[in-house]
Amino acid sequence: MTDATAPDALSPATVAVAAGRPPRAQGAPVNPPIVLSSTYVSQGVQQPGELLYTRMDTETWHPFEEALAALEGGEHPGVAFGSGMAAIAAVFSFVPAGGTVVLPRHAYQVTLGFADDLAARADVRVVRVDVADTDQVVAALDGASLLLVESPTNPMLEVADLPVLLAAARERGVLTAVDNTFATPLGQRPLDHGADVVVHSVTKYLAGHSDVVLGAAVARTPELTAALRAYRTLHGSIPGPFEVWLALRGLRTLALRVDRAQASATELARRLADHPDVVEVRHPSLPSDPGHERATRLMTGYGSILGVRPRGGAAGADAVVGAVRLWVPATSLGGVESSLERRRRFATESPTVPEDLLRLSVGIEDVEDLWRDLDRALRAAAG
């Protein structure tokens, strides 16, 4: 790769399109092929770089892994996993028996559940913190093995002071991982702030079309990268070649989708903040939002997830979900379609998440259509 096309010389939007392409040659394809084979011809002792069996490695993973690493500013290729939780599990595998994990009190509910399961069966101590409270997080780091951060958090959208937290962890010898699913590499690059590992649910924004389940991690060092790959091989938490190819195709339009969704989310947040049937709106774009200052200082864009509490409590929130026609009542997020759900309908959601909180994932539809549907549903639910 020449200096002119090195990732740092290009904007992230361009990297998303250009990275992970095959070498240029007359008559060569512009897209990498899908290789659908479970095994490879091999005789004798496997040589470095030789493919043997797809649970270990396959060339179809490489373009996506290289493209994601380029977007995250990583010096080593990423590691694709069968799901976001498989990537999270690989990070948790770095915690020794008797170790301590520090993680947000508000985070993806399955991440929290995995941590609790680890505590119950592997003598691991789990400390949940308010990641917006920097002093509280730093105080919890003494003696910890791993700091796992979401910023913004799911679903409360708290914003962490990543540079301060990651520096404090590094000073104490604590391994750090940042789940960058909500922000995407276009919103922030945690490796630039000192994170050891960045994790993604590729299912969400990176793939972007609600048609694959996939995860990935990008590590700072070759040793951590090798450890993640070894975990993937040993535990069989591998992705299918076709899913990875689809994710790479989705990645090509990441900047366009994120720009459109963020702009719409910002406009919807502004209107919802003045809506007579809304009690509270959470979005870092709002000057009144607790995360506004940090997001403005540390991130590029405010993301396209909204937290909305309509009037009428949990019943009112459920009524809104039942009344929308364009918005899709569904879990997950980051697709081209706009979706919403009441998070506390899940018994495993954090108990400090309000019962009436709706998490809205803003897609790429026309913002006026989204507003009309949401406004009508809010008014109908309020009676």
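Located above this text is the structure these notes cover.
Residues numbered from 1 in each chain as written. Predicted model: local features only at pLDDT ≥ 70, side-chain atom pairs only at ≥ 80, totals over all residues. Heavy atoms only, no water.

(A) Spatial organisation of the environment of Thr221. Mapped onto the elements, Thr221 comes out in the loop between strand S7 (215–219) and helix H8 (222–235). Taking the C-alpha atoms as reference, Thr221 lies 25 Å from Phe114; in sequence the two are 107 residues apart. (Helix = DSSP H or I, 4+ residues; strand = E, 2+ residues; numbered from the N terminus.)

(B) The arrangement of helix H3 (residues 84–92) in detail. Extensive coverage of H3 is indicated by the burial of nine of its nine residues. Where H3 is concerned, the buried positions are Gly84, Met85, Ala86, Ala87, Ile88, Ala89, Ala90, Val91 and Phe92. (Buried < 20%, exposed > 50% of the residue type's maximum accessible area, 1.4 Å probe, protein only.)

(C) Structural view of empty space enclosed by the protein. With the rule as written, the count across this model stands at six cavities of 30 Å³ or more. Taken as a whole, the largest cavity holds about 40 Å³ of empty space. Residues belonging to the lining of the largest cavity are distributed by class as follows: six nonpolar, three polar and one charged. (1 Å grid on protein atoms, 1.4 Å probe; cavity = no way out; pocket = protein on both sides within 12 Å on 5 of 7 lines; lining within 4 Å. Points joined across faces, edges and corners; volume = space filled by probe spheres on them. Nonpolar A, V, L, I, M, F, W, Y, C, P; charged D, E, K, R; others polar.)

(D) Helix H4 (residues 109–122), seen in detail. Its 14 residues give H4 an end-to-end C-alpha distance of 20 Å, which sits within 8% of 20 Å, the value for a rise of 1.5 Å per residue. Contact partners of the buried residues in H4: H3, strand S2 (100–104), strand S3 (125–129) and strand S4 (146–150). Positive phi shows up at Asp123, right after H4, with a value of about 55°. (Expected span 1.5 Å × (residues − 1). Contact = heavy atoms within 4.5 Å.)

(E) View of the sheet that holds strand S6 (residues 197–201). If you trace the seven strands from one edge of the open sheet to the other, you get S1-S7-S6-S5-S4-S2-S3, paired in mixed fashion. Strands with a single pairing partner mark the edges of an open sheet, and in this sheet they are strand S1 (79–81) and S3. Neighbour-to-neighbour, the strand axes of the sheet open up by a mean angle of 20°, direction not taken into account. Sheet analysis places S4 next to strand S5 (residues 175–179), joined by five bridges and oriented parallel. Note that in S5 the partner of Glu150 across the bridge is Asp179. Contacting S1, S6 and S7, helix H2 (residues 62–72) runs over the sheet at an angle of about 55° to S7. (Pairing = 2+ DSSP bridges. Axes fitted to C-alpha atoms, helices over the stretch in contact; angles between N-to-C directions.)

(F) Region of the structure containing the pairing of S3. Sheet analysis places S2 next to S3, joined by five bridges and oriented parallel. Bridge assignment links Thr100 to a residue of S3, and that residue is Arg125. Following the chain from S2 across H4 to the adjacent parallel S3, one finds a crossover that is right-handed. (Right-handed = clockwise from strand over helix to strand, strands pointing away.)

(G) Region of the structure containing the pattern of salt bridges. For the structure shown, the criterion picks out 25 salt bridges. In this structure, Arg232 and Glu65 form a salt bridge, with 3.0 Å as the shortest nitrogen-oxygen distance. Taken together, the positions of Arg232 in helix H8 and Glu65 in helix H2 put the pair 167 residues apart, joining distant regions of the chain. According to the relative accessible area criterion, Arg232 is buried, its value standing at 1%. Since its relative accessible area comes to 4%, Glu65 is described here as buried. Between Asp142 and Arg172 there is a salt bridge whose closest N-O contact spans 3.0 Å. Here Asp142, found in the loop between helix H5 (134–140) and S4, pairs with Arg172, found in the loop between helix H6 (162–171) and S5; they are 30 residues apart in sequence, far enough to count as distant. (Salt bridge = Lys/Arg side-chain N within 4 Å of Asp/Glu carboxyl O.)

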